[in-house]
Amino acid sequence: MPRPAVTELRLSAFAGRRRAVYTLAPVTLFAGPSGSGKSTVLAAYEALARLGAGEPLGEVFPHAADLVPDSARPDAEGRRGFRIGCTVDGPLGPVRIDLAVQAHPDLRIVGERLTHHGRTLFTTALRDPGRATVQAAWLTAGATPVTRAPLPDDLLGTALLPLRVAGATQGQREVLAAAEQALVGLRSLFPCTPEPERMRAPVLPAEGRLLRDCANLAEVLHRTHTDCPRRHQRLAVVAGAGCAAPVTGVGTRELGDGTVRALLTRGDGPATPLGRLGAGELRYLALALTLLTGPGVLAMDRIAEVPDAMQCLTLLTDDLDRGLDDRQTAALLDLAATIAADGHIRLVGAVGERTADRARRTPGVTVVDLTP
């Protein structure tokens, strides 16, 4: 069975994007000049994922007014906002979520729609601006065709359905199945922005899950060396394609103060602390590690009811090629395409034009060209 994954983003009216629809392949890279909207597209994807995980609207959009398109005209009450949505494909086929957010004068969700094969399963609408709720309606298909109830206007309604719908009728079960597929697809996201200067120092062993900035890379390598020996061995092989001199191993060493230092072994020489590597080498290693691991190794929203093996993890990376040379970029693109072909890992990122040219020649990689 196909694992739920976001296969389309819709920025109907979001920042500088209007009526924009982007199909997401297993490896999708957005390219274009500065100001073309690459980061905007990735930010919309991450925002939907965070809403799907149950985060409040104000935390997801702290500067919501900046996301209203300049051409958006206020309505009769002076309200302005933006609209985004996505499609999550999976065992049920495509499931769509579309969201309308009011950014001014108050931040709130004013409309939401969940559809499956063109059939509306769940909707919300703002009925009373004086209340912090929206009127929700979902398919019942029982004695009462539709169930109506108020829901908070600062949370994604789809994320609340598993708590509100009993599943007693065929219609309710259809609503729940569609909502659960959409939520699993949205929540299976790991935004990764490796920061080399934060990755150099030894770290204290803890949970062993990779942080967004990869500052605890040494700690995670210490864990994978023990818990995931096959993946760790593969990382050592991949490291040789992106690091200077022949690489024979990637390991760690426990220091006297209780911290752990990551090491790179080159040939028969002494091990080199990762802190001495160049910024490009560190970013390459961190990105390669994310491609070779899974939800259990990454600091992301865990979906307890779905085994890790049944999730399709999507890595979200802005400035994917920052600090990488051509050799490292080529190796990373080849690795991403190979891993994505297995159906467990997807990659959505933003790159510069030089990397985009190479990506267009890499089988299994899709490049989406944006214009300002």
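What you see is a predicted model; the values in this text were computed from it and never measured.

Q: Could you clarify how one ought to interpret the overall build of the protein in this entry?
A: Along the backbone of the protein there are nine helices and 16 strands. Its C-alpha atoms give the protein a radius of gyration of 22 Å, near enough to 21 Å, the size a compact globule of 372 residues would have. Referenced to the eigenvectors of the C-alpha coordinate spread, the extents of the protein come out at roughly 75 × 45 × 40 Å. Burial statistics for the protein: of 372 residues in total, 54% are counted as buried. Expressed as a percentage of contacts within the protein between residues at least 6 apart in sequence, the contacts between residues at least 24 apart total 59%.

Q: Would you take a moment to explain the pattern of salt bridges for this structure?
A: Opposite charge on two side chains permits them to pair, given that their charged atoms come into close proximity. According to the stated counting rule, one finds 19 salt bridges in the structure shown. A salt bridge links Arg 200 to Glu 197, with the nearest nitrogen and oxygen atoms 3.3 Å apart. What you see here is one network of salt bridges that share partners, running through Glu 8, Arg 10, Arg 96 and Asp 98.

Q: Looking at this structure, how should I read the environment of Ser 34?
A: Mapped onto the elements of the fold, Ser 34 is located in the loop between β3 (27-31) and α1 (38-52). Of the residues examined, Ser 34 reaches a relative accessible area of 75% and is grouped as exposed. Between the C-alpha atoms of Ser 34 and Gly 352, which are 318 residues apart in sequence, the distance is 9.0 Å.

Q: Explanation requested: the packing of aromatic side chains in the structure shown.
A: For any pair of aromatic rings, the description rests on two quantities: the centre-to-centre distance and the angle between the ring planes. Under the defined criterion, the tally for this structure stands at three aromatic pairs. Each ring, one from Phe 14 and one from Phe 82, has its centre 5.4 Å from the other, and the planes form 80°; the classification is edge-to-face. Separated by 68 residues along the polypeptide, Phe 14 in strand β1 (residues 5-14) and Phe 82 in strand β4 (residues 80-89) bring together distant segments of the chain. Ring geometry for Phe 61 versus Phe 82: centroids 5.0 Å apart, planes at 70°, classification edge-to-face. Residue Phe 61 is found in the loop between α2 (57-60) and β4, and its partner Phe 82 is found in strand β4; the two are separated by 21 residues along the sequence. According to the relative accessible area criterion, Phe 82 is buried, its value standing at 2%.

Q: Can you walk me through the nonpolar core in this structure?
A: Where a protein is soluble and globular, its nonpolar side chains tend to be buried together. Residues Leu 9, Phe 14, Phe 30, Phe 61 and Phe 82 are the most contacted members of the largest nonpolar core, which totals 61 residues. It is α1 that contributes the most residues to this core, eight residues altogether. Every residue in contact with Phe 14, bar those within four places of it in the chain, is listed here: Thr 40, Ala 44, Phe 61, Leu 67, Pro 69, Phe 82, Arg 83 and Ile 84. In this structure, Val 297, Leu 298, Ala 331 and Ile 339 belong to the second largest nonpolar core, which totals 55 residues.

Q: What's the story with helix α9 (residues 353-360) in this structure? I'm lost.
A: Count 3.6 residues to each turn of an α-helix, and residues three or four apart come out pointing the same way. Thr 355, Ala 356 and Ala 359 are the residues of α9 that are buried. Take α9 and look down its axis: the buried residues cluster within an arc of 105°, on one side only. Where α9 is buried, its residues meet β3, α8 (326-340), β15 (345-351) and β16 (366-369).

Q: So what exactly am I meant to see when it comes to the sheet that holds strand β14 (residues 313-317) here?
A: Pairing between the strands of a sheet is mediated by backbone hydrogen bonds and can be parallel or antiparallel. Read from one edge of the open sheet, five strands run β10-β14-β15-β3-β16, paired in parallel fashion. Edge positions in the open sheet fall to β10 (189-191) and β16, since each of these has one partner strand only. Strand-to-strand twist across the sheet, computed as the mean angle between neighbouring axes with direction ignored, equals 20°. Bridging between β3 and β15 involves five bridges; their strand directions are parallel. By the bridge assignment for β15, Val 27 is matched with Leu 347. Where α1 meets the sheet, its contacts fall on β3, β10, β14 and β15, and the angle it forms with β15 comes to roughly 145°. Helix-sheet contacts for α9 involve β3, β15 and β16, and the interaxial angle to β16 is about 135°.

Q: Quick question: what am I supposed to make of the sheet that holds strand β12 (residues 260-265) here?
A: An order of β11-β12-β13 is seen for the three strands of this open sheet, with the pairing classed as antiparallel. In the strand order of this sheet, the two ends are held by β11 (249-254) and β13 (272-273), each with one partner. Pairing geometry for β11 and β12, over six bridges, is antiparallel. When the sheet's bridge partners are listed, Arg 253 is paired in β12 with Arg 261. Together, β11 and β12 form the strand contacts of helix α5 (residues 217-227), whose direction differs from that of β11 by roughly 105°. Taken strand by strand, helix α6 (residues 229-242) contacts β11 and β12, and its axis lies near 120° from that of β11.

Q: Explain the packing of α6 against helix α7 (residues 279-292) here, please?
A: Geometrically, a packed helix pair is captured by the angle between its two axes and the distance between the axes. Running from N to C, α6 and α7 point in directions that differ by 145°, and their axes come no closer than 10 Å. Crossing geometry of α6 relative to α7 is assigned as right-handed. On α7, the residues touching Arg 231, Arg 234, Leu 235, Val 238, Ala 239, Ala 241 and Gly 242 of α6 are Glu 281, Tyr 284, Leu 285, Ala 288, Leu 289 and Leu 292. Class assignment for the residues of the contact of α6 with α7 results in nine nonpolar, one polar and three charged.

Definitions and limits used
Residues numbered from 1 in each chain as written. Predicted model: local features only at pLDDT ≥ 70, side-chain atom pairs only at ≥ 80, totals over all residues. Heavy atoms only, no water. Helix = DSSP H or I, 4+ residues; strand = E, 2+ residues; numbered from the N terminus. Rg over C-alpha atoms; globule rule 2.2 N^0.38 Å. Buried < 20%, exposed > 50% of the residue type's maximum accessible area, 1.4 Å probe, protein only. Contact = heavy atoms within 4.5 Å. Salt bridge = Lys/Arg side-chain N within 4 Å of Asp/Glu carboxyl O. Phe/Tyr/Trp six-rings, centres within 6.5 Å; stacked < 30°, edge-to-face > 60°. Core = buried A, V, L, I, M, F, W, Y, C linked by side-chain atoms within 4.5 Å. Arc of directions from axis to C-beta. Pairing = 2+ DSSP bridges. Axes fitted to C-alpha atoms, helices over the stretch in contact; angles between N-to-C directions. Left-handed = near helix turned anticlockwise from the far one by under 90°. Nonpolar A, V, L, I, M, F, W, Y, C, P; charged D, E, K, R; others polar.

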